[in-house]
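What follows is each chain in one-letter form.
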Amino acid sequence: MPSAAPRSALAIRPRPHPSASHEPPPTTAPSTTNKLKHRPCTSYTDLSPLASTGFSPVQYPQIDRPAKRPMPTPRKTIAVVNSSGRQAASFIRVAVAVGYKVRAQLRNLDGIVASEISSLPNVTVLVGDLYNKTSAENGGSGSPTLGTKAKGAPNHDLIKELYRGAQLAFINTTFWGDEVEIGKALADAAVVAGIEHYIFSSMPNHSQHDHHWPSLPLWSSKATIETYIRSLPALAPKTTYLYTGIYNNNFTSLPYPLFQMELQKDGSFTWTAPFHPDVPLPWLDAEHDVGPAVIQLIKDGISRWGNGERVALAYEMLSPKAACRAFSKGVGRPVRYKYSPKIDIKVKIPNGYREQLVALEKMYALGAKDPRLQPPYFGSQHMENSCPGEALELWEGHRGLEEYAREVFPLEEAANGLTWMNESNEVEGEVQGGEEEEDGDGEDDESEGLVMGGGTGTDTPARKEETWLA
């Protein structure tokens, strides 16, 4: 989900003039016997006034320094789809900042993130759906329900235009339209376009790792696309598969399922979910860290990350109780974890997302009594064990859950029309996370459809339809 908080340029602090100092200058020059821990700055051109106060710049031997290492601007163009999603938007911001050109597909220009992406330099925006629906579907609302065959075909003209002049691609498909057909069409077109490095954001089909594990519909579609890419001799050696952990950015006090930080009357928060309280899960700040990590994948190239390499991108392995402790330290309020085998659905959700939530309930019920039976988030224990080492190999400046809760969560909440962070009342109690008693009574709201966009609170523009699981 894209950031609800508007982004703005940082103000540049002017260099102070020596006369603006609040400390009176000493009457005598400093002792030359005192050793300075750091050399004083000598880059200012207006140090001459210091001579009148008894100061004189410290003299150092003149050393012939080598010329600065050249930093050539990247000359390649990157194709990106679903560009207002968390992953894609994070990547585009970093890519254009270091000089790449981007051809970015957007379903529409609604929302603050789509507006931001379309205004960035070196970004060419292509507006349109990756899937052409039939006239009957176009007359309806919403997207096809997951599990049914979408009527239509991939938008081959748009996909061809997307790759025009591109050498690289970062592809994160979503379930708007027939995701598998879209993924296959994107892969086929990448072969024709001669894409040099294809980075596909994938996820596991758990049933392929253990037949006792259920298949998560929205993830298994990505796994099917990955299998197809691996079958293409011209593209498979040039492909890297990125597996992302749970987004820190998923948390909200709005009544969205699975990651609601529910605000309590005493000012604390409670997170209710079906994950075993003590089993570690992989975490990632998608908005902050996907972009730099993917740029490093590109810089290292297919010699390091090609040939079907799977990369687990997660910077923390935290159990739900540990995640609540970290979140509590950041937000400065008690945060408690509450285990429930059922996922409470309080608002209308996209067609197909309900099936994903039901499958999650089934999968994590396996480890409800015995934590050793909880399936690995990435399907493979080997990938789970690679966290966070492999991610740190790509990018060391990650933003952890505690930092996210302290610096970003209140801003996104405020942008969503919420005001709890402005309350002056102190919240009493120990600032830590903990498990509450099990609650097995989850409500089952049968409403379907989309109510995202246009208004405040649960209808905030920050929660546009593209944001789900992107």
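Thresholds applied
- Residues numbered from 1 in each chain as written.
- Predicted model: local features only at pLDDT ≥ 70, side-chain atom pairs only at ≥ 80, totals over all residues.
- Heavy atoms only, no water.
- Helix = DSSP H or I, 4+ residues; strand = E, 2+ residues; numbered from the N terminus.
- Contact = heavy atoms within 4.5 Å.
- Phe/Tyr/Trp six-rings, centres within 6.5 Å; stacked < 30°, edge-to-face > 60°.
- Buried < 20%, exposed > 50% of the residue type's maximum accessible area, 1.4 Å probe, protein only.
- Lys NZ or Arg CZ within 6 Å of the ring centre and 35° of its normal.
- Axes fitted to C-alpha atoms, helices over the stretch in contact; angles between N-to-C directions.
- Parallel < 35°, antiparallel > 145°, perpendicular 65-115°, else oblique.
- Left-handed = near helix turned anticlockwise from the far one by under 90°.
- Nonpolar A, V, L, I, M, F, W, Y, C, P; charged D, E, K, R; others polar.

Caption draft 1: Quick look at the environment of V180. In this fold, V180 is placed in helix α5 (residues 179-193). Spatially, the C-alpha atom of V180 lies 9.9 Å from that of P154, the residues being 26 residues apart in sequence. Once residues within four sequence positions are removed from consideration, V180 is found in contact with S221, T224 and I225.

Caption draft 2: Structural context of the packing of aromatic side chains. Counted by the stated rule, this structure contains 20 aromatic pairs. Judged by centre distance (6.3 Å) and plane angle (75°), the rings of Y243 and F378 are edge-to-face. Separated by 135 residues along the polypeptide, Y243 in strand β8 (residues 239-244) and F378 in the loop between α11 (353-365) and α12 (381-385) bring together distant segments of the chain. On the accessibility criterion, F378 (1% relative accessible area) is buried. Look at F251 and F259: their rings are 5.7 Å apart centre to centre, the planes differ by 85°, and that puts the pair in the edge-to-face class. Relative accessible area serves as the criterion here: at 2%, F251 is assigned to the buried category. Among the residues examined, F259 registers a relative accessible area of 9% and is labelled buried. Across the ring face of W176, the terminal group of R107 is positioned such that the distance to the ring centre comes to 4.6 Å.

Caption draft 3: Here's a closer look at unusual backbone geometry. For the peptide bond that leads from C387 to P388, omega is 0°, which places it in the cis range. The phi dihedral of N122 falls on the positive side, at around 65°, and the residue is not glycine. Residue N122 is classed as partly exposed on the basis of its relative accessible area, which comes to 42%. Even without a glycine there, the phi angle at L258 is positive, about 80°. Residue position: L258 is located in the loop between β9 (246-247) and β10 (261-263).

Caption draft 4: Expanded view of the packing of helix α1 (residues 86-97) against helix α2 (residues 112-119). Across the interface, α1 lies against α2 with an axial gap of 11 Å and an inter-helix angle of 25°. Comparing their axes, α2 and α1 come out roughly parallel. The chirality of how α1 crosses α2 is left-handed. Taken together, the residues of α2 that come into contact with α1 (itself represented by A89, I92 and R93) are V113, E116 and I117. Classifying every residue of the contact of α1 with α2 gives 4 nonpolar, no polar and 2 charged.

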